[in-house]
Every structure is written in C-alpha cells, then in structure tokens.
Amino acid sequence: MAMEAESSLEWLSPGDLDHLKVSPDGRCWWCRERASTTGEHKYKQTDLARLMGDDSLIWAGDGGTREIRGKSGIKRDRYGVVKFPKSMCDTCNNARSQSFDRAYTTFSTYLDSTWVRIQPGVSFEEIYGDPWQKDTLDLARYYGKHFGCRMVRSGLPVPDSLRAFLDGDDDMPDAHTALVTTDSVHRVAGKGLTLSSDFVWTNRERTEFRGCVMAAYVGSVGVRYQWWAERQRPEGWDSQFFHFPTPVINCFEDEQALMEGRTRRPGWFSRFSQWLNRPSSHGNAEQG
Ligand SMILES: [Zn+2]
C-alpha cells in the first residue's frame, strides 16, 4: 500500500494502516442484508482453465508474486489466490450478477483471441453488437463487483456509488474507470491473468482513507478503477469507458504510472496526447 504525500511517495509497511481498516461484519457488501457466505472468484474459473492451458498463473498483488501451476491448482487454491475472502451472499455473487459474468466472459474471450494491445481502442460494438450499451455496462459492473471484493479484502469501505452502480445506476460520481494496458504487466503476463497491487491513499495524519486505485488484466489489457473519498474527483476524470462504443486503451509504463494515472504516449498514433477515456479515432467523435 502506498500513501501520497504532497511531492513524494511513501511506501508503508504491512500493518501501518490497520487502524483504518473496516472489519468484516459478516454481511454481504452489496445487499448489506444477507450473510456473506461466498468468495467471489478473482478470476472466472472457466477463463482460468482456458487461458492457462498447462501454463502457470502469475498473480501479482498483496506485495508479492505468486504462481499457481496447472489446472488442479485452481480448484485447490491453497494460497487463497483465486478466491477472495467470503464477502458476498450467494444471491448477489451468482443470480444477481449473472449478466455481469456473461458480459465479462465475452470480453475476456475477445481479449484472449484478439491482439488489442496495439490498437487505439476496444470496439464494444464489435464485441457485443447491437446491445453493446447494456452489455458494456454489465461488463463494467462485473469489474465493479471484482473491485468491491478487493476493497473489502484491503479493509476499505465500499463506496455507496459502487453499490448503486451494481444496482443499476449508469455512472459513479466519485470514481473513474478506464481501459488500460501496462508495459510491465505485458512483459510478465503473456496471456495470463494479472491483478495490480491495491493502491491506497490516506490523509497526511493517516486517520482517513482518501482513495484507491486498482486494476485487473486479461493479458496486459484490463480495467483501471480509481475512487476518491468525499467526491473529491478532480475535473477531467468524469468520463467512464463504458459510455463509449470504442474507448481508448490508455498506456502505462509500469504500476507506479498506472497508480498515478500517468499515461505514456501510445505507439499507435503519437501526435495524440493521451486522455483517459478519450474516444478513439474510430469511436464516435461527438463524445470527445
Ligand atoms: Zn448480497
């Protein structure tokens, strides 16, 4: 975990933020009603089996890199790598989010079979066809569920905006989401599945969480989520990838740049400066 001072970045030791962490109360973080009896898969099991083949899964996060070898490793999950701690009820984790899971499966299958890293953007119209608007929202809600589980795991409060988004809102006023690709992930991930570290900000006194950044990838392309406490989202961060038929893939050199939101120039069209979620050249220009 990291804390941002005004000009420098300070890396904290494990435990330094324990006093801020929200303890699990045994209830599902989405509905806040039923008992949390299930752990969301960090990676969908079908995806894992398909993507892994006989290779190992490399998982970066929680301050280290771990590896699962072979498909049998998925079922055993000895190190708690594949499933999050139990934080959702069965209804929310399955029935309520079925359409999210479906949209994600389509997306990850596309990423697995298409070389999108060097493209300016991802065409959701191509992936989903006519219902792309609904399906792209469902995809974003899949990632919302994923990031919510990670926030619980890291002891962060789950923002109300995230719950409302899963419930059907079409935006999150205190968060930003973008499609990303990260060079350092590309170098190690191959076709595997990778999670970024969970980056967390506090105030200077370390008495409050101020925000977080996390990302999840298929190969080296994925979704970045940033949340700001008390709706302190800065100007220019109000566009969400899921509102565009062909959102830009934002390029980062490494995880630190990803955390800071510092994009590098894309290889594909260097005279563009890169704005998070700027529609790509073959997206609809009127939303630019
Ligand atoms: Zn629930």
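Right above here is the structure, for reference.
This structure is a prediction, so every number in the text was calculated from the model and none was measured. Each residue is numbered by its place in its chain's sequence as written, counting from 1. Side-chain atom pairs in this predicted model are given and counted only at pLDDT of 80 or more, local residue features only at pLDDT of at least 70, and totals for whole chains, interfaces and linings cover all residues.

Each helix is a run of H or I in the DSSP string that is no shorter than four residues. Each strand is a run of E no shorter than two, and both are numbered from the N terminus. Broken down by element type, the protein chain carries nine helices and ten strands. Residues are called buried when their C-beta atom has 20 or more other C-beta atoms within 10 Å, exposed when it has 12 or fewer, and partly exposed otherwise; all C-beta atoms are positioned from the backbone. By the burial criterion, 41% of the 288 residues in the protein chain qualify as buried. In this description, a residue-residue contact is defined by the distance between C-beta atoms placed from the backbone, which must lie within 7 Å. Across the protein chain, the fraction of contacts at a sequence separation of at least 24, relative to all contacts at a separation of at least 6, is 71%.

Moving on: helix α6 (residues 132-153). Multiply 1.5 Å by the residue count of a helix minus one, and that product is the helix's expected span. The terminal C-alpha atoms of α6, which comprises 22 residues, lie 31 Å apart, in line with the 32 Å expected from a rise of 1.5 Å per residue. Burial within α6 is extensive, with 19 of its 22 residues counted as buried.

Another point: the nonpolar core. Core analysis: the biggest nonpolar cluster contains 61 residues, and Leu139, Tyr143, Leu179, Val180, Cys212 and Tyr217 have the highest contact counts within it. At ten residues, the largest contribution of residues to this core is made by α6. With residues near it in sequence (within four places) discarded, Tyr143 still touches Ala216, Val223 and Tyr225. Working definition: the nonpolar core is a set of buried Ala, Val, Leu, Ile, Met, Phe, Trp, Tyr and Cys residues, joined through C-beta atoms within 7 Å.

Now for helix α4 (residues 98-113). The end-to-end C-alpha distance of α4 is 23 Å, a good match for the 22 Å that 16 residues give at a rise of 1.5 Å each. All of the buried residues in α4 are Phe100, Ala103, Tyr104, Phe107, Ser108 and Leu111. When α4 is viewed along its axis, its buried side chains cluster within an angular range of 130° and face the same direction. Turned more than 90 degrees off the buried face of α4, the exposed positions are Gln98 and Ser113. Throughout, the arc means that of the directions going from the helix axis to the C-beta atoms.

In this section: unusual backbone geometry. With a phi close to 50°, Glu230 is a non-glycine residue in the positive phi region. As for its placement among the helices and strands, Glu230 is situated in the loop between β9 (221-228) and β10 (249-252). The exposed category is assigned to Glu230, around which 9 C-beta atoms lie within 10 Å. Of note, the phi angle at Arg231 is positive, near 55°, even though the residue is not glycine. Along the chain, the position of Arg231 falls in the loop between β9 and β10. When the 10 C-beta atoms within 10 Å are taken as the criterion, Arg231 is described as exposed.

Here we take up the packing of α4 against α6. Where helices are involved, their axes are fitted lines through C-alpha atoms of the stretch in contact, as for all axes, and angles between N-to-C directions lie from 0 to 180°. Contact pair α4 / α6: the axes reach a minimum separation of 7 Å and the direction vectors enclose 100°. One element, α4, and the other, α6, form an angle in the roughly perpendicular class. Residue-level contacts link Ser99, Phe100, Asp101, Ala103, Tyr104 and Phe107 of α4 to Asp135, Asp138, Leu139, Arg141, Tyr142 and Lys145 of α6. Each residue receives one of three labels: charged for Asp, Glu, Lys and Arg, nonpolar for Ala, Val, Leu, Ile, Met, Phe, Trp, Tyr, Cys and Pro, and polar for the others, Gly being one of them. Here the residues of the contact of α4 with α6 are counted per class, giving six nonpolar, one polar and five charged. Oblique is the label for any angle not covered by the other classes, which are roughly parallel (under 35 degrees), roughly antiparallel (over 145) and roughly perpendicular (65 to 115).

Here α6 crosses helix α7 (residues 160-167) at 145°, and the two axes come no closer than 9 Å. In this structure, α6 meets α7 at a crossing whose hand is left-handed. Side by side, α6 and α7 meet where Arg141, Gly144, Lys145 and Gly148 of the first sit next to Leu162, Phe165 and Leu166 of the second. In the contact of α6 with α7, the residues fall into three nonpolar, two polar and two charged. Handedness of each helix crossing follows the sense of rotation of the near helix against the far helix: counterclockwise by less than a right angle gives left-handed, clockwise gives right-handed.

This brings us to the environment of Cys92. Along the polypeptide, Cys92 turns up in helix α3 (residues 90-93). Exposure remark for Cys92: the 23 C-beta atoms within 10 Å place this residue in the buried category. Sequence spacing of Cys92 and Lys145 is 53 residues, and the spatial spacing of their C-alpha atoms is 9.5 Å. In this structure, Cys92 is in contact with Cys28, Trp30, Cys31 and Ser97, ignoring residues within four places of it in sequence.

With that out of the way, let us pick up the environment of Leu137. In this fold, Leu137 is placed in helix α6. You can call Leu137 buried: it has 22 C-beta atoms within 10 Å. Along the backbone, Leu137 and Ser99 are 38 residues apart, and their C-alpha atoms lie at a distance of 10.0 Å. Leave out the neighbours within four places in its chain, and Leu137 touches Asp170 and Phe242.

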